[in-house]
Amino acid sequence: MSRPGPSPASTAPEQAMLQVKDLVKAYRADGATSWAVRHVDLRVDRGEFVAIMGPSGAGKSTLLHLLGGLDRPDSGQIWLDGRRVDDLPESRWAVLRRRSIGFVFQFSNLVSNMTAADNVELPALLAGTPPRQARERREELLTELGLEHKARSTPAALSGGEQQRVALARALINEPSLLLADEPTGSLDSRNTRDVLRLLSRCHERGQTILLVTHDARVASTADRVISLFDGEIADDSAVSLPANGGGTVADVVQLKG
Amino acid sequence: MRAVLRWEFADLRAHRGQAALMVLVTAVITVSLILANALLQNAGNPWQRTFGQSNGAHLWLHVRPGVDTAPLARLDGVAAVAGPYRTAPSTLVRSAEKVPLELRAVGPALPKVSRPLMRSGRWLDPSVSNGVVLESSFARSMWAAAGDSVTVRGLDGATHTMRVLGVADTADQGAYPNWTPGLGWVLPSTLGRIEPDPSHTAQTVGLRLRDPATTDFTAQQAVTALGSDQVTMVSTWQQVRSSMNLDNRLLGLLLAVFGLVALLAAALAVAGAAGSRVLAQVRDIAMLKAVGFTPAQLVRMFLYEHSALAVVGIVLGTAAASGIGPLLPSPLGEAMTFWQAQPDHLGALLATGVGAVLTIALATALPAWRAGRVPAVPTVRADRPVRRMSLLARLALLLRLPPALVLGARDAFYRPLRAGLTIARLAIPMLMITVALGSWATLDGFRDHPERVGLAATLTAKPSGIDAASASRLLSRQAGVAAAYPGVELQALVPGQTTTITVRGLGTVARPYPFALAEGRGIQDTDEAVAGQGALDQMHVKVGQWVRVMTGGTPRILHIVGRSIEPDHNGEMLSVGMEALEGPVGLPQPQYYALVLRPGASPSGVRAGLLAASHNQLDVQLTTNPADQLGAVRGVVIGLVVVLALIGLAELVTATGSGLRDHIRDLAVLRAMGLTPRQVTAVIVTSTSLLTTVAVLAGTAVGVLVSDRLINLQGHASGVGAGIAQMPPLGTLLLAGTIAVVVAACVSVVPAARATRARVTTALSQF
Ligand SMILES: Nc1ncnc2c1ncn2[C@@H]1O[C@H](COP(=O)(O)OP(=O)(O)OP(=O)(O)O)[C@@H](O)[C@H]1O
Ligand SMILES: [Mg+2]
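Residues numbered from 1 in each chain as written. Chains lettered and ligands numbered in written order. Predicted model: local features only at pLDDT ≥ 70, side-chain atom pairs only at ≥ 80, totals over all residues. Heavy atoms only, no water.

**Digging into the overall build of chain A**
Looking only at helices and strands, chain A features eight helices and 10 strands. Expressed as a percentage of its 258 residues, the buried residues of chain A come to 56%. Within chain A, counting contacts between residues at least 6 apart in sequence, those at least 24 apart form 69% of the total. (Helix = DSSP H or I, 4+ residues; strand = E, 2+ residues; numbered from the N terminus. Buried < 20%, exposed > 50% of the residue type's maximum accessible area, 1.4 Å probe, protein only. Contact = heavy atoms within 4.5 Å.)

**Some thoughts on the pairing of strand E15 (residues 528-531) of chain B**
Residues and elements named next belong to chain B. Here E15 shows no split at all, with Glu528 and Val530 on one side and Ala529 and Ala531 on the other all buried. Note that E15 and strand E17 (residues 554-564) share four bridges and pair parallel. Paired with Ala529 across the strands is Ile560, a residue of E17. Judged from the three bridges that link them, E15 and strand E18 (residues 573-576) form a sheet pairing that is antiparallel. Across the sheet, residue Ala531 finds its bridge partner in E18, namely Leu574. (Pairing = 2+ DSSP bridges.)

**A few points about the interface of chain A and chain B**
Facing the 26 residues of chain A at the interface are 26 residues of chain B. Summed over both partners, the interface of chain A with chain B comes to about 2,500 Å²; 64% of that surface belongs to carbon and sulfur atoms. In this assembly, chain A and chain B are joined by three salt bridges. In this structure, Asp118(A) and Arg6(B) form a salt bridge, with 2.6 Å as the shortest nitrogen-oxygen distance. (Buried area = accessible area lost by both parts, 1.4 Å probe. Salt bridge = Lys/Arg side-chain N within 4 Å of Asp/Glu carboxyl O.)

**Observations regarding the site of ligand 1**
Residues and elements named next belong to chain A. The local shell around ligand 1 holds 13 residues, among which Ser56, Lys60, Ser61, Thr62 and Gln106 are the closest. Residue Ala58 places a main-chain N or O atom 3.2 Å away from an oxygen atom belonging to ligand 1. Within the side chain of Thr62, a nitrogen or oxygen atom sits 2.6 Å from an oxygen atom of ligand 1. Relative to its free-state accessible area of 630 Å², ligand 1 is covered by the protein chains to the extent of 63%. (Near = heavy atom within 4 Å. Polar contact = N/O pair within 3.5 Å; in protein donor to acceptor, adjacent residues only side chain to side chain. Areas by Shrake-Rupley, 256 points an atom, 1.4 Å probe, with all protein chains shown as cover.)

**Some thoughts on the confidence of the model for chain B**
Predicted coordinates in regions of low pLDDT should not be interpreted in detail. All names here are of chain B. For chain B, the mean per-residue pLDDT works out to 78, and 84% of the residues sit at or above 70. Across chain B, E15 holds the top mean pLDDT of 89, while helix H24 (residues 760-765) sits lowest at 46. This stretch, residues 381-389, has a pLDDT under 50; its non-local contacts, to residues over four places away or in other chains, come to 12 contacts. Below pLDDT 50 for its whole length, residues 760-767 participates in 12 contacts with residues either more than four positions away or in separate chains. Listed scores for the predicted complex are pTM 0.60 and ipTM 0.79. (pLDDT = per-residue confidence, 0-100.)

**Some points on the sheet that holds strand E9 (residues 225-230) of chain A**
In a beta sheet, neighbouring strands are held together by backbone hydrogen bonds and run either parallel or antiparallel to one another. Residues and elements named next belong to chain A. Spatial strand order, E6-E7-E8-E3-E9-E10: six strands in an open sheet with mixed pairing. Each of the sheet's edge strands pairs with one partner strand only, and the pair in question is strand E6 (101-104) and strand E10 (233-238). Direction aside, neighbouring strands of the sheet carry axes that sit 15° apart on average. Taken strand by strand, helix H6 (residues 190-206) contacts strand E3 (49-53), strand E7 (178-182) and strand E8 (209-213), and its axis lies near 150° from that of E8. (Axes fitted to C-alpha atoms, helices over the stretch in contact; angles between N-to-C directions.)

**Focus: the coordination of the magnesium ion (ligand 2)**
Residues and elements named next belong to chain A. Here the magnesium ion (ligand 2) is held by Ser61 (OG) and Gln106 (OE1), and the distances to it run 1.9 to 2.1 Å. One end of the pair, Ser61, is in helix H1 (residues 60-67); the other, Gln106, is in the loop between E6 and helix H3 (116-126), and 45 residues separate them in sequence. With relative accessibility at 25%, the residue Gln106 sits in the partly exposed group. (Donors = N, O, S within 2.8 Å, 3.2 Å for Na, K, Ca; no water.)

**Points about the side chain of His306(B)**
Residues and elements named next belong to chain B. Along the polypeptide, His306 turns up in helix H11 (residues 295-324). Look at His306 and you get buried, because its relative accessible area is 1%. Beyond its immediate chain neighbours, meaning those up to four positions away, His306 contacts Met22, Ala274, Arg277, Ile360 and Thr364.

**A closer look at the nonpolar core**
Leu18(A), Leu168(A), Leu200(A), Leu211(A) and Phe293(B) are the most contacted members of the largest nonpolar core, which totals 92 residues. Ranked by the residues each element gives to this core, the list is headed by H3(A), at seven residues. (Core = buried A, V, L, I, M, F, W, Y, C linked by side-chain atoms within 4.5 Å.)

**Some words on the sheet that holds strand E2 (residues 32-45) of chain A**
Residue and element names in this part refer to chain A. Ordered by their spatial adjacency, four strands build an open sheet running E2-E1-E4-E5, and the pairing between neighbours is antiparallel. The outermost strands of the open sheet, each flanked by one partner alone, are E2 and strand E5 (83-84). Summarising the sheet, strand E1 (residues 16-29) and E2 pair through 10 bridges and their orientation is antiparallel. Its bridge partner being in E2, Arg28 is matched across the sheet by Thr33.

**Brief notes about the packing of H3(A) against helix H1 (residues 2-14) of chain B**
Between H3(A) and H1(B), the least distance of the axes is 8 Å, while the angle of their chain directions is 150°. One finds that H3(A) runs roughly antiparallel with respect to H1(B). Residues Asp118(A), Glu121(A), Leu122(A), Leu125(A) and Leu126(A) of H3(A) pack against Arg2(B), Ala3(B) and Arg6(B) of H1(B). Looking at the contact of H3(A) with H1(B) residue by residue, the class counts come to four nonpolar, no polar and four charged. (Parallel < 35°, antiparallel > 145°, perpendicular 65-115°, else oblique. Nonpolar A, V, L, I, M, F, W, Y, C, P; charged D, E, K, R; others polar.)

**Observations concerning unusual backbone geometry**
Residues and elements named next belong to chain A. At Asp22, a residue that is not glycine, the phi angle is positive and equals roughly 55°. By secondary structure assignment, the location of Asp22 is in strand E1. Residue classification places Asp22 among the partly exposed positions, given a relative accessible area of 31%.

**Here we look at the side chain of Glu305(B)**
Among the structural elements, Glu305(B) can be located in helix H11. Apart from the residues lying within four places of it in its own chain, the contact partners of Glu305(B) are Trp7(B), Glu8(B), Asp11(B), Leu12(B) and Arg277(B).

**A word on the packing of aromatic side chains**
Applying the stated criterion across every chain, the model contains five aromatic pairs over all chains. With a centroid separation of 5.8 Å and an interplanar angle of 50°, the aromatic rings of Trp7(B) and Phe302(B) are classed as tilted. Placement of Trp7(B) in helix H1 and of Phe302(B) in helix H11 is noted, with a sequence separation of 295 residues between them. Judged by relative accessible area, which is 0%, Trp7(B) ranks as buried. When the ring of Tyr485(B) is compared with that of Tyr513(B), the centres are 5.3 Å apart and the planes differ by 85°; the resulting orientation is edge-to-face. Here Tyr485(B), found in strand E12 (residues 481-493), pairs with Tyr513(B), found in the loop between strand E13 (500-506) and strand E14 (517-520); they are 28 residues apart in sequence, far enough to count as distant. Here the two residues Tyr485(B) and Tyr513(B) agree in accessibility, since each one is buried. These aromatic residues form a ring-pair network of at least three members: Tyr485(B), Tyr513(B) and Phe515(B). Over the aromatic face of Trp79(A) sits the side chain of Arg84(A), whose NZ or CZ is 5.8 Å from the ring centroid. Sitting above the plane of the Trp60(B) ring, Arg104(B) keeps its charged end 4.8 Å from the centroid. (Phe/Tyr/Trp six-rings, centres within 6.5 Å; stacked < 30°, edge-to-face > 60°. Lys NZ or Arg CZ within 6 Å of the ring centre and 35° of its normal.)

**Points about the UniProt feature "transmembrane region" (unreviewed entry) in chain B**
Residues annotated by UniProt as "transmembrane region" (unreviewed entry) correspond here to residues 20-40, 250-274, 308-328, 348-369, 421-443, 636-660, 680-707 and 727-750 of chain B. The span residues 680-707 of chain B is 100% helical and 0% strand by assignment, and the distance between its end C-alpha atoms comes to 40 Å. (UniProt positions renumbered as here; feature names shortened; annotations may be inferred.)

**Comments concerning the confidence of the model for chain A**
Considering every residue of chain A, the mean pLDDT works out to 82; 86% of them sit at 70 or more. Below a pLDDT of 50 lies the segment residues 241-258 of chain A, which in the model reaches 18 contacts outside its immediate sequence neighbourhood of four places, other chains included.

**Structural notes on a nonpolar patch on the surface**
Residue and element names in this part refer to chain B. Together, Leu649, Leu735, Ile739 and Val743 make up a nonpolar patch on the protein surface, roughly 320 Å² of accessible area in all. With three residues, helix H23 (residues 730-757) is the single largest residue contributor to the nonpolar patch. The topology assignment puts Leu649 in helix H20 (residues 626-662). What makes Leu649 partly exposed here is its relative accessible area of 33%. (Patch = residues over 30% accessible without salt bridge, like charges linked within 9 Å, V, L, I, M, F, W, Y side chains within 5 Å.)

**So, the pattern of salt bridges**
Taken as a whole and judged by the stated rule, the model has 24 salt bridges over all chains. Of the charged contacts in the structure, one is a salt bridge between Asp81(A) and Arg46(A), with a shortest N-O distance of 2.5 Å. Linking Asp81(A) in the loop between strand E4 (75-80) and E5 with Arg46(A) in the loop between E2 and E3, this pair joins segments that are 35 residues apart in sequence. Since its relative accessible area comes to 41%, Asp81(A) is described here as partly exposed. Looking at Arg46(A), the relative accessible area reads 46%, which means it is partly exposed. Arg137(A) is the partner of Glu140(A) in a salt bridge, and the nearest nitrogen-oxygen pair spans 3.4 Å. Taken together, the residues Glu140(A) and Arg137(A), both in helix H4 (residues 131-144) and three residues apart, mark about one turn of the helix. Each of the salt bridges in this network shares a partner with another, and the network as a whole consists of Asp118(A), Glu121(A), Arg138(A) and Arg6(B).

**Quick look at helix H7 (residues 215-226) of chain B**
Residue and element names in this part refer to chain B. Taking 1.5 Å per residue as the helical rise, H7 with its 12 residues ought to reach 16 Å, and the 16 Å between its terminal C-alpha atoms agrees with that figure. For H7, the full list of buried residues reads Thr215, Thr218, Ala219, Ala222 and Leu226. One side of H7 carries all its buried residues, which in axial view fall inside an arc of 105°. Away from its buried face, by an angle of more than 90 degrees, H7 presents the exposed residues Asp216, Gln220 and Thr224. Once H7 ends, the next one or two residues include Gly227, with phi positive near 95°. (Expected span 1.5 Å × (residues − 1). Arc of directions from axis to C-beta.)

Here you go:
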């Protein structure tokens, strides 16, 4: 039972953390046009934990980039916290990201010439947090992710999984109201995946909204809702933990869990 | 802005090498600019050198005789006093001419302040009671050298034969004839004999000041202290300096162009370095944007960082130049020492520094702006479609060259846009070096082939006291004189023009003077004329047109058949054959003869012969060659070439670095494929050398064209006329190009070897 766009455009999207209408993004390369995101409508409520799944090349990363203002849609609208943001200039987007969006990229996440500690503290300092507080918060986050001994390492000296966890810590240091994470558990073993999920669920409990791209059904199962993206379109949007099963019956299960 | 600082420090720490290179390049450019400036000041400003060496006085007062000048020494700001010296006016009698000469009574010991600098001969000596030391510009103008005798007439009309003991430079007064009277030093007793009446003498006092800026104020105080009616004349160092400095439009233009060229090249180098750093950090910049840096913040970050590096470099460079500069070997060290002694040198230093910082900030602006425009999505570089192998690579393959060469050739032009940019950046310093060499060759042309720039006659002889017939007889008999062309100069009115123009009759229609013709042909008829560029501009005419001029009340209509190169009088010279100036009383009497010498004849020998044969009734003068004045440019050209070479080197280092970063991954793949480290190094060296070769060829070709245009443009603007530009000798160009390519190959070996040492896995995981 796939759900269409949640509400007509006229509805005031107040309580929604994120609302997207008719979002389109195409890439033109070598004359051919590839539609990475086509006509996506989406509504994410405050405090929701949404997992996005889909095959490789489905447009998951592209969608996340658009939602974070890192890339511009060809058409469509985005509301963030009730505010229309798709037409904001880049500098306003930057301030928005600094304050209320945490972003974890799929690949290469860290500023290469800064230590892990500096990478994590950077957004906090940018947002005006006093250095001491930033440091405490960073220590806390890195410890939680089992990286306290890697604080002084440079990204080049970190493994892929360590880099991903540092990136997550960096995304969370300002306690953003929205976390956009592109496969944060992509290169992690099960123990580290558990650490990451524990951290994410704590964020969830605190009321932060989370959009998480993942290929891992187990990770997706911790979400409130799973969106399946296929060829740039939302193929399925349901409150189920295992999209492979499909169907609407599992929604009740999740509701029970919630 | 803690976050910004945190990033800046991390970035600088991570790119220590690049930052150090940037600082070094800026420092070297600063040092070069300062040294060039000093050289230029020193060469273009003879006053400064003389003033420094002679421990000169800033302020000179001519005071009535008998006035007590002691209060001057007690004035505020006066460091030392020269004199008072007794002076007497006199005239130096030379054939028919009388030239004003001021004699100054100085003791047999050289004064400490404002000490005359002996150029030749020796200082005054009590044993030679009729000895005189002449100021050098005056001596040159009078053709007087140490050992000569000169006739000096006092106010009372008595003549005295005096021995020139020596010739000396001084900064007490300007160069003769800009500054009259001329200056001669004599012993007090000699002065007493030439001017026995003390009331006809005066006193001269020089004041050396602690702070040259207070000159005007001290002058007022001095006049007040002595009484304004007691002071007959005041002269300041500024007046002396401006009268001594070269007044040459050509020189000014050349120097201005050179200065701008050097700064432009420096800006390009910095922009290139900054640009390649931005390129190297695209992914980090994307990351910074993702965590919330605004584009404006990023632009500022880059601007600040590079400006800060520039400031460090400039401060270091300035310190190095100021500290080590004076210790350098002769021309440089000397120039620095004197420049530093110059009163306004700190201002010039500051201006150089501020100018350089601004230029660098400006040059960084574009790369910084690009940093702001980097997309926020980190692009994992998509593998670009494999291009067809470049022509060069295929050729190399065809010739069965080693694989490293083939790969290097392919590598060089793999990214055509990047290769084009690198070539352009390397070509620009080469272009400028070619222009500099062209200026040098032009100067050589002035010196070696004066006849090609309108200076066929080496000497001019003016009859004074003998008639034209005997003068020309004397000249025709003199060995070494190939031809003597009679000349006469008249002022002519051009109808419709407010100014007059000089019409010169030189040579005859039958035996025309060898004008250096840049356009048209020579004079073949009595109504034909050739004109300098200045004259053409003044009359608004072109070669081939007819002009009407009025000379001595006679209207003449002249056909301008050619344009001659005229290095003198701003080219405002209309030349005709003597017959064209025939008036009601026949041909005009020649005012002078232009003497073309036989090859190898010594001008001074011919001159001496003529003086002797005519019993000094021929006044023989050497024609001034602008190349002698432009000699100052040579130092600047050398300095400029050095600066440009350094800039080129910096560009080369940047280009190699960024090229390497571009395909460090490809290199890792190559090594993974089984190329030996030496082969990998060869690939890089080949690639760099190829790019440099193309750049050298392009830069030289364009440089030759530009240099020709630029010099002729300067020639045109100065009235001399286009047609003076010379191409740099092929050998020099070849040498410069070869050096550039060899240096490029050497420079690329170091980073290539480093890249080769890098672990394959590290290189691969970087992307
Ligand atoms: N910069 C780009 N230029 C051209 N095409 C692009 C670009 N980025 C993405 N695409 C194309 O857009 C489509 C969606 O890409 P996207 O990265 O969003 O996929 P994804 O769902 O994240 O895949 P994966 O699971 O492999 O990360 C793909 O077909 C991809 O080739
Ligand atoms: Mg993706």
